[in-house]
Amino acid sequence: MKIKRLDDSVVSKIAAGEVVTGVHSVVKELIENALDAGARKIVVELLNGGKSEVKVRDDGEGMDEEDLKVCFLPHTTSKISSFSDLSSLSSFGFRGEALHSISSVSKMKVISRTVSSPIGHEIEVVAGNMVYSRPVHADVGTTVIVRDLFFNIPARRKFLKSAAIESRMATEMFEKFCLSKLNVHFVLVREQQLRYDLPPSDLLERIKAIFPDIPAQNLRAFESEHKNMKLKGCLSLSPVQSRGMIVCFVNDRFVTNQLLTNAVYAAFSDVLEKGKHPFVVLNLSISPKEIDVNVHPQKLEIRFINEEDVFRFVRDSLKGFLSRPIVKQVHVHEKVRVAEPVEFYRSAPRVERTEQTEEKLLEEEPFRIVGVARRRYVLFERKEDLLILDFHAAHERIIFEQIMNSLSERKGKTLLVEMRIRMKESDSATLASSQVLRDLGFELEANGQELVVKQIPEWMELSEVEEFLRDSIDELKLIDLQGLKETIKKILADHACKRSVRTRDRLSEAEMIELVKRIVNEGHSTCPHGRPLMFSMSFKELDRFFGRD
Ligand code: ADP
Ligand code: MG
């Protein structure tokens with residue numbers, strides 16, 4: 001017989017893999033339990049990015065000795081007792097899975113005391129087995145300490161990311177709770193340093209504390225109601241950030257939901273420039289009967305029973321808010337000046353042309369600009385063919401090549417006066433610890449919500465530094481997925497694109513010709529993002545087409 005029943009401890013380990021995917025998911029489960037217990041204050045502490053220790057302390061209702069001794073067993077929960085309870089669920093947990101999963105892949109201690117008991121109790125569970133249980137002095141509430149995550153599953157421990165990355169992901173998880181549970185006091189301590197201390201406040205204050213780079217004067221709170229749905233949140237009135245941020249909660253629960261994201265984009269569609277993204281934090285209150293949260297063990301995904309109603313309500317509420325008169329005053333579109341190569345074309349001296357003079361001219365200058373269409377396609381005449389160049393893409397390519405060529409030297413220039421950029425604390429940490437940026441010639445230091453720039457790459461202009469760094473954040477987060485080389489390329493390609501938009505209206509005709517020559521000589525056929533650069537048609541083909549051969 002080849003079929004065997006799996007050992008319970010193996011089953012637990014496999015199941016744990018679904019609930020516990022990293023430090024951030026431990027943080028998530030423990031905060032949720034604290035909230036379910038009615039905590040008013042929650043303190044999260046991480047050591048070594050949480051890989052060595054995650055500690056979550058709350059002042060909630062606590063557990064007595066009996067509860068403590070079973071809380072880590074599979075399917076133990078105080079939150080539902082029958083299947084029908086599921087539809088009216090308002091707590092975070094209900095599967096009785098989290099403590100069981102966490103404790104089977106770590107060394108977990110739980111210390112807890114209820115109001116009705118004069119002393120507290122402590123248990124330690126190692127790899128799913130209770131090691132001891134004893135009375136201890138404790139405040140009312142619960143402290144859960146999770147040490148050495150995945151210590152007993154080396155294969156999974158290997159997949160934990162670096163302390164810096166685990167720490168950042170856990171911080172982002174923490175921040176999401178701060179954005180949804182406004183009446184709870186949240187504290188985050190990382191590597192024994194206080195990172196956040198957020199007493200109860202309104203959403204606006206929380207957003208200011210967590211996203212210091214969003215201009216506070218652009219933030220507005222909104223609220224609306226329709227039938228049994230309620231929408232509350234905050235948005236930025238200048239949807240001009242190159243990095244968007246849409247954080248959605250449903251009944252205070254953080255969710256990733258395409259429908260809500262789409263509804264937000266639909267609402268912003270009229271005011272959004274290409275390449276810009278909205279900043280919105282929203283919380284949708286809806287009857288639990290109208291949603292299905294049981295689709296994924298991490299419970300991050302939900303489904304709405306009546307999708308169309310929800311979509312319409314969110315889109316129209318935000319749209320209504322965005323179209324209020326005050327919005328128009330505040331919302332100033334920052335127009336990028338679009339180059340008009342047409343101008344220099346017109347100013348070129350007009351020579352009386354005959355076929356002979358044309359040929360002679362082409363001998364002196366093998367590329368002659370014939371015209372410009374749609375402000376972007378430059379038509380060149382060469383000896384053998386007509387060439388249509390996507391000017392913007394070509395320019396981008398050249399800038400990209402210049403930067404790439406200077407990379408091998410890894411030179412940076414030290415700033416006489418350090419530059420300080422305010423941003424999210426986790427972002428400044430990401431940037432400061434990035435090897436990619438060091439390789440490019442940056443020297444950066446994270447100082448809480450401030451990034452200190454000490455040295456920048458040789459080829460970079462001062463005015464570009466801030467935008468470049470902000471734009472890099474998202475790509476740097478993907479580094480594990482796409483690798484170092486690809487990340488550098490992507491960051492630089494985006495940068496080349498922006499720089500080309502900024503500088504192309506300063507190019508003279510001679511520089512244009514220089515540009516097309518370089519493109520042709522260096523054999524480039526695509527822009528850094530992979531789009532083609534040019535299109536050519538030989539005079540032979542043309543002659544054939546017109547029946548002249
Ligand atoms: P669930 O949250 O799905 O019920 P968990 O495994 O996360 O399952 O927790 C099991 C049980 O332990 C909870 O139902 C709750 O009764 C108790 N518990 C866990 N954490 C706490 C806490 N911080 N305070 C009070 N009780 C808790
Ligand atoms: Mg739970």
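Just so we're clear, the structure is a prediction, and the values are computed from it rather than from any experiment. (Residues numbered from 1 in each chain as written. Chains lettered and ligands numbered in written order. Predicted model: local features only at pLDDT ≥ 70, side-chain atom pairs only at ≥ 80, totals over all residues. Heavy atoms only, no water.)

Quick look at the sheet that holds strand β19 (residues 412-422) now. Read across the open sheet, the three strands follow the order β19-β21-β20; overall the sheet is antiparallel. Of all strands in the sheet, those bounded by a partner on one side alone are β19 and β20 (443-447). Going from strand to strand, the sheet's axes swing by 10° on average, the running direction of each strand aside. Packing of helix α14 (residues 425-432) onto the sheet brings it into contact with β20 and β21 (450-457), and relative to β20 it is tilted by some 150°. Each of β19, β20 and β21 touches helix α16 (residues 462-477); the most contacted strand, β19, lies at about 55° to it. (Pairing = 2+ DSSP bridges. Helix = DSSP H or I, 4+ residues; strand = E, 2+ residues; numbered from the N terminus. Axes fitted to C-alpha atoms, helices over the stretch in contact; angles between N-to-C directions. Contact = heavy atoms within 4.5 Å.)

Moving on to helix α7 (residues 203-210). Of the residues making up α7, those classed as buried are L203, R206, I207 and I210. Summarising the axial view, the buried residues of α7 lie within an arc of 100°, below the 170-degree limit, and thus occupy one face. For α7, the elements touching its buried residues are α6 (163-180), β7 (185-190), β8 (193-198), β9 (219-226), β10 (229-236) and β13 (279-285). (Buried < 20%, exposed > 50% of the residue type's maximum accessible area, 1.4 Å probe, protein only. Arc of directions from axis to C-beta.)

With that out of the way, let us pick up α6. Structural remark: α-helix, 3.6 residues per turn; residues separated by three or four positions point the same way. Compared with an ideal rise of 1.5 Å per residue, which puts 18 residues at 26 Å, α6 spans 26 Å between its outermost C-alpha atoms and is within 8% of the ideal. Of all 18 residues in α6, 14 are buried, a share of seventy percent or more. (Expected span 1.5 Å × (residues − 1).)

Another aspect to go through is the pattern of salt bridges. All chains considered together, the criterion is met by 27 salt bridges. Of the charged contacts in the structure, one is a salt bridge between R190 and E425, with a shortest N-O distance of 3.0 Å. Within this pair, whereas R190 is found in strand β7, its partner E425 is found in helix α14, the two being separated by 235 residues in sequence. Assigned by exposure class, R190 and E425 land together as buried. A salt bridge links E418 to R420; the shortest N-O distance between them is 3.3 Å. Of the residues examined, E418 reaches a relative accessible area of 35% and is grouped as partly exposed. Here R420 falls in the partly exposed class, since its relative accessible area comes to 46%. (Salt bridge = Lys/Arg side-chain N within 4 Å of Asp/Glu carboxyl O.)

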